[in-house]
Amino acid sequence: MCAEEATLVKSVVKVNIDGVDVAVEEGTLLIEAAASAGIYVPTLCYCPGIKSVGACRLCVVELEGSADLVVSCTRRAKDGMVVRTDSQRVAEARRFVTDLILSNHPGECLSCDRNGTCGLQDAAYSLGIEKTSYTMKDPGYAVDDSSPFIVRNYNLCVLCGLCVRICSLQSEGILEFLERGMRTKIGTADDLPLHESGCDFCGSCVSVCPVAALMEKDRRFRGREWMIERVTSVCGFCGCGCECTLGTVDGEVLRVQSPQPDGFLCARGRFGLDFLDHPDRLRKPLVRRDNALVECDWDEALGFAASRLLQARESHGPDAIGWIVGSGAANETAWALRELATNTFGTRNIDSSARPYGYAALSALVERFGDLSVTATAEDVGDADLIVVVGADVTADYPAIGAWIARAKDRNARLVVVDPRRSGIARRADVHIRPRPGTEGLVLALAAKAVLDSGDHALESVEDGTAASECRDRLSSLDAAAAERDTGLSAEELAALTTSLTETKARTVFVVPAEDDTGLMTGVIDLALLLGNLER
């Protein structure tokens, strides 16, 4: 283990919770420590992965040495702590809070889609509360079902703020607390409907809502929670390959969620599965007869295809047939087609844009380093200290990467965007460089040359001497004045980019589009060599 890795290992502390000794990493939240020991602590506003604020006060516990009850979702474990989660004092405080929340709740549990999986129900049940001791009051808000995907019923809202926090963390930050006192509610600017507010409908707010204040529109009244079967799958809309959980009833998909409550799915992944049961979807193979495609059974379709392929092979040879695998096909499908092409028909004429080195960008990495071991994962993006996005509108093309960047920004990571467009991710940038379209690679080359000329680089420590030498020769021969004119950028703008790259003496991740732009990838490689960011 290197010294840098050793500093990342946290010390283990022992905490006594309800008489049980629990060993956890130092800094673990008390509510998490209790959960690791199988001890239930009711909560409405806590969600793993989202910064805790202690809004609901349901998770209070007794801490030895403290005169007041402490909020377990914000207090972190220290060695020797003695905690009580089941004392009479704790139970009375939780009952009081739950009682107050129930008094401002319509009590529509029988018809509520969250019946059985509601955080408020769980809290009331664990505390033995059958009904509020106060007069139950329906807040009287109009239910907003005007948006295409999400229904908002703020009569059920418990003001936990989870939707506000996750919207700010990984989306557009359009949700906020409105009004004050008993009139407090959550809404958008000017209390506009979601589809008029700039919402991108990632649906993260729905995932973290502990009650039914936010629900998927198409999911309502189509199956109780205990009827839903959960199936793990992978979203196929883009190359991010986000893991997702399909909720089905009788084989029909009712909703799509991320496996983690704070996980991100874009609008396509979460709400774009209506094609599964669309009436225009092909359910039988088609064969052309008399210039028209007509339905047929599988035996006829497969027989027709096989006969035509065999006829082509006999007439023109096996290499007259070409096979193309779609980029959205599963690995198993691609493998089966390869076996059919090579073993049955005797040709290797098979191609796909999903091949490992299909893009020039990836080919440049393989040519320089021999493999793709220097590529970063989505988690690496979230852990980076500096993120450089070059010519990629990630919020539109790869929304999950945009969410990881937003999380990194929440940790105070710096974001530099090199893009002539004012893309969605550019709105979050610390530095936005806008060169002429198509000159992004030149911009990176100019930044790399500036780093090289400054002498503050890691080129001497690069193990691959050939790569380092080629980098030095290429940048030394660059006509900086001509390149600067081509980009249309000022010296000040280029200096701002170079400063951002050299001031961050930590992990830097470059995010580039999957395009055949070798110049762009060469610039990324040169900067990675100069900055010493070759290790994943």
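Residues numbered from 1 in each chain as written. Predicted model: local features only at pLDDT ≥ 70, side-chain atom pairs only at ≥ 80, totals over all residues. Heavy atoms only, no water.

## Quick notes on the overall build of the protein
Phase 1 of the analysis: Counting its regular elements, the protein contains 18 helices and 20 strands.
Phase 2 of the analysis: Along the longest, intermediate and shortest principal axes, the C-alpha atoms of the protein span 85 × 70 × 50 Å.
Phase 3 of the analysis: Evaluated residue by residue, the protein yields a buried proportion of 44% over its 536 residues.
Phase 4 of the analysis: Sequence separation of 24 or more characterises 62% of the internal contacts of the protein that already satisfy a separation of 6 or more.
Phase 5 of the analysis: With the model as given, the accessible surface of the protein reaches about 28,400 Å², and the carbon-plus-sulfur share is 50%.
Phase 6 of the analysis: Taken together, the 56 basic and 79 acidic charged side chains of the protein have centroids lying 4 Å from each other. (Helix = DSSP H or I, 4+ residues; strand = E, 2+ residues; numbered from the N terminus. Buried < 20%, exposed > 50% of the residue type's maximum accessible area, 1.4 Å probe, protein only. Contact = heavy atoms within 4.5 Å. Areas by Shrake-Rupley, 256 points an atom, 1.4 Å probe, with all protein chains shown as cover. Lys, Arg positive; Asp, Glu negative; His and termini not counted. Charge placed at Lys NZ, Arg CZ, Asp CG, Glu CD.)

## Digging into the sheet that holds strand E17 (residues 386-390)
In sheet architecture, strand pairing relies on hydrogen bonds along the backbone and comes in two forms, parallel and antiparallel.
Phase 1 of the analysis: Taking strand neighbours across the sheet as the criterion, the four strands line up as E19-E18-E17-E20 in an open arrangement whose pairing is parallel. Each edge of the open sheet carries a strand with a single partner, namely strand E19 (431-433) and strand E20 (508-511). Taking each pair of neighbouring strands and ignoring which way they run, the sheet shows an average axis angle of 15°.
Phase 2 of the analysis: Its contacts with the sheet put helix H13 (residues 399-410) on E17, strand E18 (414-418) and E20, and the angle it makes with E17 is roughly 145°. (Pairing = 2+ DSSP bridges. Axes fitted to C-alpha atoms, helices over the stretch in contact; angles between N-to-C directions.)

## Some points on the sheet that holds strand E2 (residues 20-25)
Phase 1 of the analysis: Strand order across the open sheet formed by five strands is E2-E1-E5-E3-E4, with mixed pairing between neighbours. Taken across any chain shown, the strands that pair with only one partner, and hence form the sheet edges, are E2 and strand E4 (70-71).
Phase 2 of the analysis: In this sheet, strand E5 (residues 82-84) lies alongside strand E3 (residues 60-63) in antiparallel orientation, the contact comprising two bridges. Pairing of glutamate 62 across the sheet is with arginine 84, part of E5.
Phase 3 of the analysis: Sitting on the sheet, helix H3 (residues 88-103) touches E3 and E5, and the angle it makes with E3 is about 155°.

## Considerations on the side chain of aspartate 113
Phase 1 of the analysis: Checked against the element boundaries, aspartate 113 lands in the loop between H3 and helix H4 (119-126).
Phase 2 of the analysis: Judged by its relative accessible area of 10%, aspartate 113 falls in the buried class.
Phase 3 of the analysis: At 3.3 Å, the side chain of aspartate 113 and the side chain of arginine 219 are in polar contact.
Phase 4 of the analysis: Side-chain polar atoms of aspartate 113 contact the backbone nitrogen of phenylalanine 221, separated by 3.0 Å. (Polar contact = N/O pair within 3.5 Å; in protein donor to acceptor, adjacent residues only side chain to side chain.)

## A closer look at helix H5 (residues 162-170)
Phase 1 of the analysis: Burial analysis of H5 places eight of its nine residues in the buried class, which makes it a mostly covered element.
Phase 2 of the analysis: For H5, the complete set of buried residues consists of Leu162, Cys163, Val164, Arg165, Ile166, Cys167, Leu169 and Gln170.
Phase 3 of the analysis: Tucked into the core, H5 has its buried residues touching strand E7 (176-178), strand E8 (185-187), helix H6 (204-208), strand E9 (214-216) and H13.

## Remarks on the environment of arginine 289
Phase 1 of the analysis: Relative to the assigned elements, arginine 289 resides in strand E13 (residues 286-289).
Phase 2 of the analysis: For the pair arginine 289 and alanine 34, spaced 255 residues apart in sequence, the C-alpha to C-alpha distance is 68 Å.
Phase 3 of the analysis: When near neighbours in sequence (up to four residues on either side) are disregarded, arginine 289 contacts Val294, Glu295, Cys296 and Glu300.

## Quick notes on the packing of helix H14 (residues 440-454) against helix H17 (residues 491-503)
Phase 1 of the analysis: Where H14 meets H17, the closest approach of the two axes is 9 Å, and the angle between their N-to-C directions is 60°. Our pair here, H14 against H17, has a crossing hand that is right-handed. From H14, Val443, Leu446, Ala447, Ala450 and Val451 reach across to H17, where they touch Leu494, Leu497, Thr498, Leu501 and Thr502.
Phase 2 of the analysis: Of the residues in the contact of H14 with H17, the class split is eight nonpolar, two polar and no charged. (Left-handed = near helix turned anticlockwise from the far one by under 90°. Nonpolar A, V, L, I, M, F, W, Y, C, P; charged D, E, K, R; others polar.)

## Examining the packing of helix H15 (residues 465-476) against helix H18 (residues 518-531)
Phase 1 of the analysis: Running from amino to carboxyl end, H15 crosses H18 at an angle of 115°, the nearest separation of the two axes being 10 Å. The angle between H15 and H18 falls in the class roughly perpendicular. Between H15 and H18 lies a crossing of left-handed hand. On H18, the residues that touch Ala467, Cys471, Arg474 and Leu475 of H15 are Thr522, Asp526, Leu529 and Leu530.
Phase 2 of the analysis: A breakdown of the residues in the contact of H15 with H18 according to their chemical character gives five nonpolar, one polar and two charged. (Parallel < 35°, antiparallel > 145°, perpendicular 65-115°, else oblique.)

## Overview of the pattern of salt bridges
Phase 1 of the analysis: Scanning the entire structure with this criterion turns up 19 salt bridges.
Phase 2 of the analysis: The salt bridge partner of aspartate 113 is arginine 220, with a shortest N-O separation of 3.9 Å. A residue pair is termed long-range when its members are at least 10 positions apart, and aspartate 113 in the loop between H3 and H4 and arginine 220 in the loop between E9 and strand E10 (229-234) qualify at 107 residues.
Phase 3 of the analysis: Arginine 289 is the salt-bridge partner of glutamate 300, the closest N and O atoms lying 2.2 Å from each other. Taken together, the positions of glutamate 300 in helix H8 (residues 298-316) and arginine 289 in strand E13 put the pair eleven residues apart, joining distant regions of the chain.
Phase 4 of the analysis: Under the relative-accessibility criterion, glutamate 300 is labelled partly exposed at 32%.
Phase 5 of the analysis: On the accessibility criterion, arginine 289 (38% relative accessible area) is partly exposed.
Phase 6 of the analysis: Counted as one network, the salt bridges with shared partners bring together Asp113, Arg219, Arg220, Glu225, Arg230 and Arg255. (Salt bridge = Lys/Arg side-chain N within 4 Å of Asp/Glu carboxyl O.)

## Looking at the packing of aromatic side chains
Between two aromatic rings, the relevant description is the distance of the centres plus the angle of the planes.
Phase 1 of the analysis: According to the stated counting rule, one finds four aromatic pairs in the structure shown.
Phase 2 of the analysis: On the basis of an interplanar angle of 10° and a centroid distance of 4.8 Å, the ring pair of phenylalanine 149 and phenylalanine 271 is categorised as stacked. Pair noted here: phenylalanine 149 is in the loop between H4 and strand E6 (150-152) and phenylalanine 271 is in helix H7 (residues 267-271), with a separation of 122 residues, a long-range link.
Phase 3 of the analysis: Of the residues examined, phenylalanine 271 reaches a relative accessible area of 15% and is grouped as buried. (Phe/Tyr/Trp six-rings, centres within 6.5 Å; stacked < 30°, edge-to-face > 60°.)

## Describing the environment of phenylalanine 221
Phase 1 of the analysis: Along the chain, the position of phenylalanine 221 falls in the loop between E9 and E10.
Phase 2 of the analysis: On the basis of relative accessibility, which here comes to 59%, the residue phenylalanine 221 falls in the exposed class.
Phase 3 of the analysis: Along the sequence, phenylalanine 221 and serine 111 sit 110 residues apart, while their C-alpha atoms lie 8.4 Å from each other.
Phase 4 of the analysis: Among all residues touching phenylalanine 221, those that are not within four sequence positions of it are Ser111 and Asp113.

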